[in-house]
Amino acid sequence: MVKPSASLQTVGVFDSGVGGLSVLKALRRECPSINFIYIADSGNAPYGSRPPEFIEKRIIEIADYLVGAGAQIIVVACNTATTVAIEKLRARIAIPVVAVEPAIKPAVARTKTGVVGVLATERTIESAGIAKLCREFGQGVALLLQPCPGLVERVERGELATDSTREHLCKLIQPLLAQGADTLVLGCTHYVFLEPEIRRITGPEINIIESSEAVARQTMRRLGDCEAVDLDLKPGDETFLTTSLPEVAQPIFSLLWGGSVEVRKLENRSACASNLACIRA
Ligand code: DGL
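How each quantity is defined
- Residues numbered from 1 in each chain as written.
- Predicted model: local features only at pLDDT ≥ 70, side-chain atom pairs only at ≥ 80, totals over all residues.
- Heavy atoms only, no water.
- 1 Å grid on protein atoms, 1.4 Å probe; cavity = no way out; pocket = protein on both sides within 12 Å on 5 of 7 lines; lining within 4 Å.
- Points joined across faces, edges and corners; volume = space filled by probe spheres on them.
- Helix = DSSP H or I, 4+ residues; strand = E, 2+ residues; numbered from the N terminus.
- Nonpolar A, V, L, I, M, F, W, Y, C, P; charged D, E, K, R; others polar.
- Near = heavy atom within 4 Å.
- Polar contact = N/O pair within 3.5 Å; in protein donor to acceptor, adjacent residues only side chain to side chain.
- Areas by Shrake-Rupley, 256 points an atom, 1.4 Å probe, with all protein chains shown as cover.
- Sits in = over half its atoms within 2 Å of the grid points.
- Contact = heavy atoms within 4.5 Å.

Colleague: Tell me about the layout of surface pockets, residues and numbers included.
Modeller: Of the pockets and cavities examined, the largest pocket occupies roughly 800 Å³. Lining the largest pocket are 31 residues, with Thr82, Arg90, Ala99, Glu101 and Leu133 positioned closest to its centre. Every element with two or more residues in the lining of the largest pocket is listed here: helix H3 (79–92), strand E4 (97–99), helix H4 (104–110), helix H6 (128–137) and helix H10 (212–225). Examining the composition of the lining of the largest pocket, we find that 8 residues originate from one element, H3, more than from any other. Considered class by class, the residues forming the lining of the largest pocket number 16 nonpolar, 5 polar and 10 charged.

Spelled out as structure tokens, the structure:
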């Protein structure tokens, strides 16, 4: 168990796996003095092929753990978790929850051809959450929703620039370009780590849009609301936890984070421990 922090500057971040590190990097740039606790639920990834009930239960357990560990804000760095279960999570957790979601609104504002491709997990594509985003922001634009089975697993294994990943991406992306898409939404935080390969396929003219910077700015605003930010504080630190094997996770975390980091085991047991104080009745 991570020791609860007494200071007003701890943010808990979680994802089904290592993809949310793309959000954590943006958070670190935006919020230099904040302490982050990051949980990769890689022992249960991918969420994209899990039933919604599983995702809902799991993210409440993880958020509960983060509150118990001293988080004052929770950042959901997983589009699948957001689009499937964010309302249930917000109804249960008594601290602010900032959540990444597919960047359909900015993509619709950017497209010139009126065709936008959205790359996301199967569960996100089928979710009520993405249907709502399409209804609210997608009027007058063709939104091509492309499920991408297998991509999360590749990033979990650190296979970012292999021939096989490139071929896989080509099969997913070329049909979208052939239908006139000039803008692609990376609707899964894992895919951000594949952006250089995606760019090689699209060429320089296509807009590639993801949400990590927007989430970091929103988190900073919420921290301001909590009066949690003291600009004179020393630089914050990161605690990295995984539900898979730390020795397997450590090189992948270090690769994606861009420097060697220590990764510790989060026992499923700990993440399931009830912390009634943080749960709304
Ligand atoms: N990074 C998660 C997302 O943004 C991946 C979900 C999964 O494990 O399928 O959706």
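Colleague: Help me get a handle on the site of the ligand, residues and values and all.
Modeller: Around the ligand there are 13 residues in total, and Ser16, Tyr47, Gly48, Thr80 and Thr189 lie nearest to it. Within the side chain of Ser16, one N or O atom sits 2.6 Å away from an oxygen atom of the ligand. Here Asn79 contributes a backbone N or O atom positioned 2.9 Å from an oxygen atom of the ligand. Here the ligand loses 100% of its free accessible area of 300 Å² to cover by the protein chains. The site holding the ligand turns out to be the largest cavity. Per-class residue counts for the shell around the ligand are 5 nonpolar, 7 polar and 1 charged.

Colleague: Please give an account of unusual backbone geometry that cites residues and values.
Modeller: Glycine aside, residues mostly have negative phi angles, and peptide bonds mostly take the trans form. In this chain, Ala45 is followed by Pro46 through a cis amide linkage whose omega measures -5 degrees. If you trace the backbone, Pro46 turns up in the loop between strand E2 (35–40) and helix H2 (52–68).

Colleague: Would you mind going over the environment of Glu156 in detail, with residue names and values included?
Modeller: Secondary-structure assignment places Glu156 in helix H7 (residues 151–156). Along the chain, Glu156 and Ala45 lie 111 residues apart, while their C-alpha atoms are 8.5 Å from each other. Setting aside chain neighbours within four positions, we find Glu156 in contact with Gly17, Val18, Gly19, Ser42, Ala45, His190 and Ile252. A distance of 2.7 Å separates the side chain of Glu156 from the backbone nitrogen of Val18, its partner in a polar contact.

Geometric descriptors of this kind do not, in isolation, establish any biological role.
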